[in-house]
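Fold and contact review
Next come the chains, spelled out residue by residue.
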Amino acid sequence: VIIYGDLPKNKENVVYLSNHQCTVDWIIADMLAIRQNALGHVRYVLKDGLKWLPLYGWYFSQHGGVYVKRSANFNEKEMRAKLRAQMKAETPMYLVIFPEGTRYNPEIPKVIADSQSFAEKEGLAILKHVLTPRVKATHVAIDTMKDYLDAVYDVTVAYEGTVDHKGQRKLAPSMTEFLCKECPRVHIFIDRIELKDIPEEQMYMRRWLHERFEIKDKLLIEFYDAKDSKRRNKFPGKSVHSKLSLKKTLPSLLFLGGLTASMLLTESGRKLYVKTWIYGTLIGCLWVSIKP
């Protein structure tokens, strides 16, 4: 894990804005949070369909996650209500938002072309390595929690090994590929932004957010396309090869591994394990359909 920029050592209440390429992006937020002793504070703004994930859909909702629908179906009132409830409960907030709304996938050029066409139509800069960001969820989150947040983290993520022999960008690694070390390094650029430097009105915040994604695009152009090969596969500026000590990871591994193994090693444990997934999923889906 290679970190660039200004990641504070202490935990903060933040909105975390990032480019989105694959499922690994979800745990990049965990990688940064654990370095600030804020791992349990991570919450997500997720697309509405993910609430039906077995067990996890219910878990994310109960853990402060917010499910949102796109475009005209976006329910601003519901999102504000959930965020206010979290603030009232004084819940620590490390709220992760992917403003592009979907993944950047080089193998689906139509999505990229449509995003660029929309930007051109709206008079916005056309972006190459990220999609045109959507502002609604970002605006609602920052506007609702402006007196609760310490900062906004603007995070840009790039994975090594995602360029083919022709120099063309490939699909980012899947979770399995990432965990099997098929991506040797992940590069994370963090820009900590003060709330006072962000426009409050949605119209102006939209322009600000697009400008932030222009900065991301320039960083990624440098990473993937720099003419000087020595400048590729890295972001500009100083970097830190960030390692974690065993005491930050081993206790969780032993607890979760031991709990799972103890269930799977006995017949009654295996039955309980299966029933947890089946009935937990059914009850969870019922719960989130009543109380998102």
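Residues numbered from 1 in each chain as written. Predicted model: local features only at pLDDT ≥ 70, side-chain atom pairs only at ≥ 80, totals over all residues. Heavy atoms only, no water.

1. Description of unusual backbone geometry
One non-glycine residue, Glu90, lies in the positive phi region at around 55 degrees. Considering the arrangement of structural elements, one finds Glu90 in the loop between α3 (76-88) and β5 (94-97). Of note, the phi angle at Asn233 is positive, near 60 degrees, even though the residue is not glycine. Within the secondary structure layout, Asn233 lies in the loop between α7 (202-225) and β8 (239-241). Taking the relative accessible area as the measure of exposure, Asn233 reaches 34% and is therefore partly exposed. (Helix = DSSP H or I, 4+ residues; strand = E, 2+ residues; numbered from the N terminus. Buried < 20%, exposed > 50% of the residue type's maximum accessible area, 1.4 Å probe, protein only.)

2. Looking at the sheet that holds strand β3 (residues 42-47)
Strand order in the open sheet formed by eight strands is β4-β3-β5-β2-β6-β7-β1-β8, with mixed pairing between adjacent strands. Unpaired on one side and paired on the other, β4 (66-68) and β8 mark the two borders of the sheet. In this sheet, neighbouring strand axes are inclined to one another by 25 degrees on average, regardless of whether the strands run parallel or antiparallel. In the packing of α7 onto the sheet, the strands contacted are β2 (14-18), β6 (151-159) and β7 (186-193), and the crossing angle to β6 comes to about 30 degrees. (Pairing = 2+ DSSP bridges. Axes fitted to C-alpha atoms, helices over the stretch in contact; angles between N-to-C directions. Contact = heavy atoms within 4.5 Å.)

3. Quick word on the pairing of β2
Counting buried positions along β2 yields five of five residues, so the element is predominantly enclosed. Burial along β2 is two-sided: Val14, Tyr16 and Ser18 facing one way and Val15 and Leu17 facing the other are all buried. As paired elements, β2 and β5 share four bridges and run parallel to each other. Of the residues in β5, the one forming a bridge with Tyr16 is Val96. Sheet topology places β2 next to β6; five bridges connect them, and they run parallel. Bridging across to β6, Val15 finds its partner in Val152.

4. Side note on the layout of surface pockets
Over the atoms, a rolling probe the size of a water molecule traces out where space has been left empty. In this structure, the largest pocket spans a volume of roughly 1500 Å³. For the largest pocket, the lining is made up of 35 residues, of which Ile27, Asp30, Leu39, Ser252 and Leu256 are closest to its centre. Going through the elements one at a time, α1 (24-34), β3, α2 (56-62), α8 (246-264) and α9 (267-290) are the ones with two or more residues in the lining of the largest pocket. A per-element tally of the lining of the largest pocket places α8 first, with nine residues. Here the lining of the largest pocket spans two domains, and each of domain 1 (2-243) and domain 2 (245-291) adds at least three residues to it. The space that makes up the second largest pocket amounts to roughly 920 Å³. Lining of the second largest pocket is provided by 36 residues; of these, Pro99, Glu100, Gly101, Thr102 and Arg134 occupy positions nearest its centre. Elements with a contribution of two residues or more to the lining of the second largest pocket: β3, α4 (109-121), α5 (136-144) and α7. Considered class by class, the residues forming the lining of the second largest pocket number 18 nonpolar, nine polar and nine charged. (1 Å grid on protein atoms, 1.4 Å probe; cavity = no way out; pocket = protein on both sides within 12 Å on 5 of 7 lines; lining within 4 Å. Points joined across faces, edges and corners; volume = space filled by probe spheres on them. Domains from an automatic or database assignment. Nonpolar A, V, L, I, M, F, W, Y, C, P; charged D, E, K, R; others polar.)

5. Some points on a positive patch on the surface
A contiguous patch of positive charge on the surface is contributed by Lys47, Arg70, Arg103 and Arg134. Checked against the element boundaries, Arg134 lands in the loop between α4 and α5. According to the relative accessible area criterion, Arg134 is partly exposed, its value standing at 42%. (Patch = residues over 30% accessible without salt bridge, like charges linked within 9 Å, V, L, I, M, F, W, Y side chains within 5 Å. Areas by Shrake-Rupley, 256 points an atom, 1.4 Å probe, with all protein chains shown as cover. Salt bridge = Lys/Arg side-chain N within 4 Å of Asp/Glu carboxyl O. Lys, Arg positive; Asp, Glu negative; His and termini not counted. Charge placed at Lys NZ, Arg CZ, Asp CG, Glu CD.)

6. Details of the nonpolar core
Among the nonpolar cores identified, the biggest contains 39 residues, and Val15, Met79 and Met145 are the most heavily contacted of them. Among the elements that make up this core, the one with the highest residue count is α7 (eight residues). Ignoring sequence-local partners within four residues, the contact set of Val15 consists of Leu95, Ile97, Ala141, Ile142, Met145, Leu149, Ala151, Val152 and Tyr153. Membership of the second largest hydrophobic core comes to 32 residues, among which are Val24, Leu50, Phe60 and Val186. (Core = buried A, V, L, I, M, F, W, Y, C linked by side-chain atoms within 4.5 Å.)

7. Examining the domain arrangement of the protein
Under the domain assignment, the protein is made up of domain 1 (2-243) and domain 2 (245-291). The C-alpha-based centres of domain 1 and domain 2 are spaced at 28 Å. Of the residues lining the interface, twelve residues belong to domain 1; the matching set on domain 2 comes to twelve residues. Here domain 1 meets domain 2 over a buried area of about 1000 Å², counting both sides, of which 69% is carbon and sulfur. The three residues of domain 1 that bury the most area against domain 2 are Trp52, Leu55 and Trp58, which together make up 47% of that side's buried surface. Linking domain 1 with domain 2 are three residue pairs in polar contact (both at pLDDT 80 or more), by the criterion used here. Here the element with the most residues in the side of domain 1 that touches domain 2 is α2; it accounts for five residues. Classifying every residue of the side of domain 1 that touches domain 2 by side-chain character gives six nonpolar, four polar and two charged. (Buried area = accessible area lost by both parts, 1.4 Å probe. Polar contact = N/O pair within 3.5 Å; in protein donor to acceptor, adjacent residues only side chain to side chain.)

8. Structural notes on a nonpolar patch on the surface
Taken together, the side chains of Leu53, Tyr56, Trp58, Tyr59, Trp277 and Trp287 define a hydrophobic patch exposed on the protein surface, amounting to about 600 Å² of accessible area. When residues of the nonpolar patch are traced back to their parent elements, those giving at least two are α2 and α9. With three residues, the top contributor of residues to the nonpolar patch is α2. Within the secondary structure, Trp277 is located in helix α9. Look at Trp277 and you get partly exposed, because its relative accessible area is 31%.

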